[in-house]
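# Residue-level structure breakdown
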Amino acid sequence: MRPAHDINRSPLVSDMAFERTGAFPAFNQRIEFDRLAEIAAQLANSGAALLVDAARKPAEVLGASGMAPDAVAATLAACADLLDQPAFEDWLLAPAGKGRAPRLAWRCAHWLPLTAAATSSAQAGLLLLDAETGRQNQPAAPALRLLASHAADVLALSRRYDQIEQYNANVLRESESRLNLTEHTAGAGSWSLQLSTRKVVHSDEFATILGLSDHEQVKDLEAMVQRYTPEWRSGIRQRLERCAQNGESFDEEIQVLVEGGSPKWVRTVGTAVRRADGEIARIQGAIQDISAQKQAQQDTLRLAMRLTTTLASITEAFVTLDRQCCFTYLNQESERLLQKTTADLLGMEVWQDFSPGLAQRLKDQLTKSLHTNRRVELEDFFPTLGKWLEVRAYPFAEGLAVYFRDVTERRRSQEQLMLLETSVSRLNDIVAIAETGAGSDQEPRIVFVNDAFEQHTGYSRAEVLGQTPRMLLELDPAITKLRELAKGLQQTQQARTELMVRRKNGAMFWVELEVVSVQATAEDITHWVAVGRDITQRKTAEDMIRHLAFYDALTDLPNRQLLLDRLQQALAASARSGQHGALMFIDLDNFKILNDTLGHHMGDQLLQKVAQRLTKSVRKTDMVARLGGDEFVVMVDDLSTDAEAAAFKARALAEKVLNTLREPFQLTGHQHFATPSIGVTSFTGQQSDVGELLKQADLAMYQAKSLGRNTLCFFDPGMQATVSANATVGSDLRVALNEQQFVVYYQPQVDRVGVITGVEALVRWQHPQRGLMRPADFIPVAEDTGLILPLGQWVLETACEQLAAWADRAQTANLSIAVNVSVRQFRHPDFVDMVMAAIKRTGIRPHRLKLELTESLLADRMEITIDKMGMLKALGVTLSLDDFGVGYSSLSVLKRLPLDQLKIDKGFVADVLTDPNDAAISRAIIALAQSLSLQVVAEGVETQEQRDFLAYQGCDQFQGHLFAKPLPIEALDALLQNPTAGMLVLS
């Protein structure tokens, strides 16, 4: 029989063997032998016949006829002795029922051996059986013999077929074993795709490469395609289809999925196998594991990239030469330095483009390096490049590795250093040159000083040469500045600082020091050149200016600016440490009375003595500042991490200050008793707004004054009631704007002869519950909330509409209306456009609209303010500076402003007859306005005497209750119809 063979394990072996031997399906031997036995029984006219192979022990029945299958074995056993007999011609009595054999139905037997020429074996034959016991006639000898001969040929053919099958099986097994070994060694697995069935068979190594478990197979085309990674599946499916349709072979490197592992790179090969008629029957191919090769390629690529990157990143010019000194590689820096590209230089001799003398020197040195296998160095001038280059050559197996370094700057530095020694020795500025240390831990040493150095420091050259510059410096803070200077030199090669230098006699003086590094190469610093200038006088002046900027000129205490800065620092420190602090706001009670009665010089003397007492009564770490006038602030920090303990200490300190200031002050010729009102607020690092802290302390101080003065009061959240009330006002303001609860009152302005020239528009709030509210009750809140913008715009448009209405009446056509403009309103980017729109909409004459600006506009952003005022002036609008004298104006600023008018603040007018200072200020304002050709308006004129005084000084216009209170438009129209005594209407 054909041996079993696992074709799924060696598809190429089995398929190739089929093609090579021309094997065909085996005939069914049992059927053939049964037919021979049947013919033999018919020719012998016997009841049954068996075709027996007696050579096997026990004998094997090859074919049978006329006998039940279960009786064949028993019959053969009963006749076993006959089969050992020589051949016989007659029927013999079968030994049925004898011995151990079972009882059989056959009584006679005839043994006919197969002796055909095709086989020499006589151990096979036909066993004829019959139930008749007395049968003596012989079988049909010629026919039976012919049949036996035919049976012998068939048996010989069967045995030959079995031998061929066994041989083929052995060959296939051997081939399969060799192929498996070859595949395993090569890391390749074979596969075959039968196109008719779309089935796939593959080798063991194919399964190993894919990581398949035992007995797991890829059985069809789709399963095979799915074994590739998703991005490759479409491509491999197309290649298989083209191979199946057109016979197009393929050889691809793609990735496959591996059970329990990462994707693997394989080489996939496929080719078509055709039948004899040329039709493609199947595709056979192989996959080879190339992961190691791929990894090696990637490693090689990465190594090459790293090498390329490394060579390219070399900051020096680097090239390689072959043994004929021709370029084989140049990095980017070498292209820049040699001023040619790699394409221009590859294969060229390194000295080709240089002058003959330089070329010969370079050739001699490089050739020497190749012959001696030692590195060489030379430094020469390259005329074609215009540079000094240092050349270092290092031999290796293939040639030379050569570094080029531009040393032009170093050579120039060396030359300049020599020139420096002769050219700077007599400069007025201090010059010193120090040589850097050989190691990072070595300090520089002085190698040169000029005459000015000796004059300023008192040291001779002999005393300082070879010494470290440290000898001229104090340990701290000059050393710290010197370290910072050294860091700056490393980054920028030039640094500047100011530090104190010690003379030989021990005295110190300030020096503005500029240090420049001298570099031999791009990285090596050889010397430091220091140039110093004595700036002691300038530093003294700067300290004085700084002191004036941050300290009060009268008391020498820190001013507001320094206080705010220190308070911010204290809050930051408190946030880190958790310590509580306190702020005391101190105001002297009735200080104005002292100034008014004894004069300002006494007031100044009192303020100085108060400052001295405050400084002595607090800790040295506490800060005492003067905000201005008679207002002082004490800041104390690091009281305690416990809030209650900190509050207790703050109160104790405040009471100490209070008692200290209650003691009488000895002024020049007078003993003065001053009492303070003190407001105290605590702070921690959780607070960040220093302005809010000052407000809290200020609020507590005013609370102390309201309690009768001469006391102290801690800030209480209950004091925020005013703030809450302001919040309520702010909320009501929004409603008032929507419901138009505001009205405009007008206060007349008259000239020196009593003629009404115009009015000032003053807004009032007709509150539903609180009645008519004055601007002071809601304008600050409107400023804080930003509602001043829509409110101010409404007042502006209302005034323009009133001017338009007056323009139709001859009596009022020449009147002007002054409108107050807040700082926030003026700062709005669209303010000029809004004014222009209001003028255009109402059609008024622009110069009849007067905008009153406050001096606080001049505190900052001066150029923007001037530009915007210029645009308003270009529209024709009249500009007035309100409350002049209490803000930020100066003559230099004032002369730049395109103003038409100044308004004297009512604070000066109120005391102009009793306070010489106010009188002097009023006179000065009027004189200043006249010198600048500006009109002057005095507001707050209450008495005829005030009016006469101001008129005598040259004041142009007046405004106040002496003439009229602010009036609603109806009352104003009535006044304009019938002016009071001494007043006229401009017409």
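Here's what I pulled together on the structure shown here. Counting of residues starts from 1 at the beginning of each chain's written sequence and follows it residue by residue. In keeping with the predicted nature of the model, local features appear solely for residues at pLDDT of at least 70, side-chain atom pairs appear and are counted solely at 80 or more, and the whole-chain, interface and lining totals rest on all residues. Each side-chain value is derived from all of the structure's non-hydrogen atoms; neither hydrogens nor water enter the calculation.

This next bit is on the sheet that holds strand β6 (residues 188–194). Sheet architecture is open: five strands sit in the order β7-β6-β10-β9-β8, paired in antiparallel fashion. A strand with exactly one partner marks an edge of an open sheet, and here the two such strands are β7 (199–202) and β8 (250–256). Strand-to-strand twist across the sheet, computed as the mean angle between neighbouring axes with direction ignored, equals 25°. Only strands joined by at least two bridges in the DSSP assignment are considered to pair. Runs of H or I in DSSP of at least four residues are treated as helices and runs of E of at least two as strands, each being numbered from the N terminus. Summarising the sheet, β8 and strand β9 (residues 264–274) pair through seven bridges and their orientation is antiparallel. Bridged to E253 within β9 is R267. Whether two residues touch is decided by their heavy atoms; if any such pair falls within 4.5 Å, the residues are in contact. Every axis in this analysis is a line fitted to C-alpha atoms, fitted for helices over the stretch in contact. Angles between the N-to-C directions lie between 0 and 180 degrees. Here helix α8 (residues 230–246) sits on the sheet in contact with β6, β8, β9 and β10 (280–289), set at roughly 155° to β8.

Note that K264 resides in strand β9. The buried label applies to any residue whose accessible area, calculated with a 1.4 Å probe on protein chains only, is under 20% of its type's maximum; exposed applies above 50%, and partly exposed to all values in between. On the basis of relative accessibility, which here comes to 17%, the residue K264 falls in the buried class. With 36 residues separating them along the chain, K264 and Y228 place their C-alpha atoms 9.3 Å apart. Setting aside its immediate chain neighbours within four residues, K264 contacts I209, I254, Q255, V256, V258, D289 and S291. N or O atoms closer than or at 3.5 Å make up a polar contact, with two conditions inside protein: a donor-capable atom paired with an acceptor-capable one, and, for residues adjacent in sequence, both atoms drawn from side chains. A polar side-chain atom of K264 sits 2.9 Å from the main-chain carbonyl oxygen of I209.

Here the focus is the packing of aromatic side chains. Planes of paired rings set the category: under 30 degrees apart is stacked, over 60 is edge-to-face and the rest tilted, where pairs are Phe, Tyr or Trp rings (Trp by its six-membered ring) whose centres lie within 6.5 Å. In total, this model carries 13 aromatic pairs according to the counting rule given. Each ring, one from F318 and one from Y403, has its centre 5.0 Å from the other, and the planes form 55°; the classification is tilted. One end of the pair, F318, is in strand β11 (residues 317–322); the other, Y403, is in strand β15 (residues 399–406), with 85 residues separating them in the sequence. Take F318: its relative accessible area is 7%, and that puts it in the buried class. For the ring pair F354 and F382, a centre distance of 5.0 Å and an interplane angle of 85° mean the geometry is edge-to-face. Linking F354 in the loop between α11 (342–345) and α12 (356–372) with F382 in strand β13 (residues 376–382), this pair joins segments that are 28 residues apart in sequence. On the basis of relative accessibility, which here comes to 14%, the residue F354 falls in the buried class. Exposure remark for F382: the relative accessible area of 0% places this residue in the buried category. In this structure an aromatic cluster arises from ring pairing among F318, Y329, Y394 and Y403. Here the basic side chain of K539 rests over the ring of W510, its NZ or CZ set 4.4 Å away from the ring centre. Seen from the ring of F826, K868 lies directly overhead, with NZ or CZ sitting 5.5 Å from the centre. Placement of a positive charge over a ring is assigned whenever Lys NZ or Arg CZ falls within 6 Å of the ring centre and within 35 degrees of the normal to the ring plane.

Another point: the packing of helix α20 (residues 600–617) against helix α21 (residues 643–662). Packing of α20 against α21 brings their axes to within 10 Å, and their N-to-C directions diverge by 145°. Regarding α20 and α21, the two cross each other, and that crossing is right-handed. For the pair α20 and α21, contact is made by V610, R613, L614 and S617 and by L653, K656, V657, T660 and L661, respectively. Under this grouping Gly is polar, as are all residues other than the nonpolar Ala, Val, Leu, Ile, Met, Phe, Trp, Tyr, Cys and Pro and the charged Asp, Glu, Lys and Arg. Tallied by class, the residues present in the contact of α20 with α21 amount to five nonpolar, two polar and two charged. Each crossing is labelled by how the near helix is turned from the far one, with a counterclockwise turn of less than a right angle marking it left-handed and a clockwise turn marking it right-handed.

Let's shift gears to unusual backbone geometry. Positive phi, normally seen in glycine, also occurs at D556, with a value near 65°. By secondary structure assignment, the location of D556 is in the loop between α17 (536–550) and α18 (560–577). Of note in this structure, N590 is not a glycine but carries a positive phi near 55°. Positionally, N590 belongs in the loop between β21 (580–588) and α19 (591–598).

This part is about the sheet that holds strand β27 (residues 712–714). As a general point, the strands of a sheet are linked pairwise by backbone hydrogen bonds and lie either parallel or antiparallel. The strand order β22-β23-β21-β26-β27 describes an open sheet built from five strands, whose pairing is mixed. Two strands bound the open sheet, and with one partner strand each, they are β22 (623–628) and β27. Taking each pair of neighbouring strands and ignoring which way they run, the sheet shows an average axis angle of 20°. Pairing analysis gives three bridges linking strand β26 (residues 676–683) to β27, with the strands arranged parallel. For G679, the partnering residue across the bridge sits in β27 and is C713. Seen against the sheet, α18 touches β21, β22, β23 (631–640) and β26 and runs at an angle of roughly 140° to β22. Running over the sheet, α20 touches β21, β22 and β23 and is turned about 5° from β23.

Moving on to the state of the cysteines. Note on terminology: disulfide denotes any pair of cysteine sulfur atoms within 2.5 Å. Applying the stated rule across the entire model yields zero disulfides. Of all cysteine sulfurs, the one in C325 lies closest to C326, which takes part in no disulfide; the gap is 7.5 Å. Classification of C326 as buried rests on a relative accessible area of 13%.

Moving on to the packing of α19 against α20. The interhelical angle for the contact between α19 and α20, taken along N-to-C directions, is 140°, at an axis separation of 6 Å. The orientation of α19 relative to α20 falls into the category oblique. Counted together, F591, L594, N595 and L598 of α19 and H600, H601, M602, G603, L606 and L607 of α20 form the full contact between these two elements. Classifying every residue of the contact of α19 with α20 by side-chain character gives six nonpolar, four polar and no charged. Between 65 and 115 degrees an angle is taken as roughly perpendicular, under 35 as roughly parallel, over 145 as roughly antiparallel, and anywhere else as oblique.

Here the focus is the environment of T641. With respect to the helices, strands and loops of the structure, T641 is situated in the loop between β23 and α21. Expressed as a C-alpha distance, the spacing of T641 and G581, which sit 60 residues apart in the sequence, is 9.2 Å. Beyond its immediate sequence surroundings of up to four residues, T641 is in contact with S577, G578, Q579 and H580.

In this structure, L849, L851 and L950 are the most contacted members of the largest nonpolar core, which totals 78 residues. Among the elements that make up this core, the one with the highest residue count is helix α25 (residues 788–806) (eight residues). Contact partners of L849, with chain neighbours within four places excluded, come to L796, C800, L803, I817, V819, V835, I839, I844, V877 and T878. Definition of nonpolar core: a set of buried residues of the types Ala, Val, Leu, Ile, Met, Phe, Trp, Tyr and Cys, connected through side-chain atoms within 4.5 Å.

A few words on the pairing of β21. Of all nine residues that make up β21, nine are buried, and the element is covered over most of its length. Alternating positions in β21 separate into two faces, H580, A582, M584, I586 and L588 on one and G581, L583, F585 and D587 on the other, with burial throughout. Note that β21 and β23 share seven bridges and pair antiparallel. Bridge assignment links L583 to a residue of β23, and that residue is M635. Note that β21 and β26 share eight bridges and pair antiparallel. Bridge pairing links L588 to P676 in β26.

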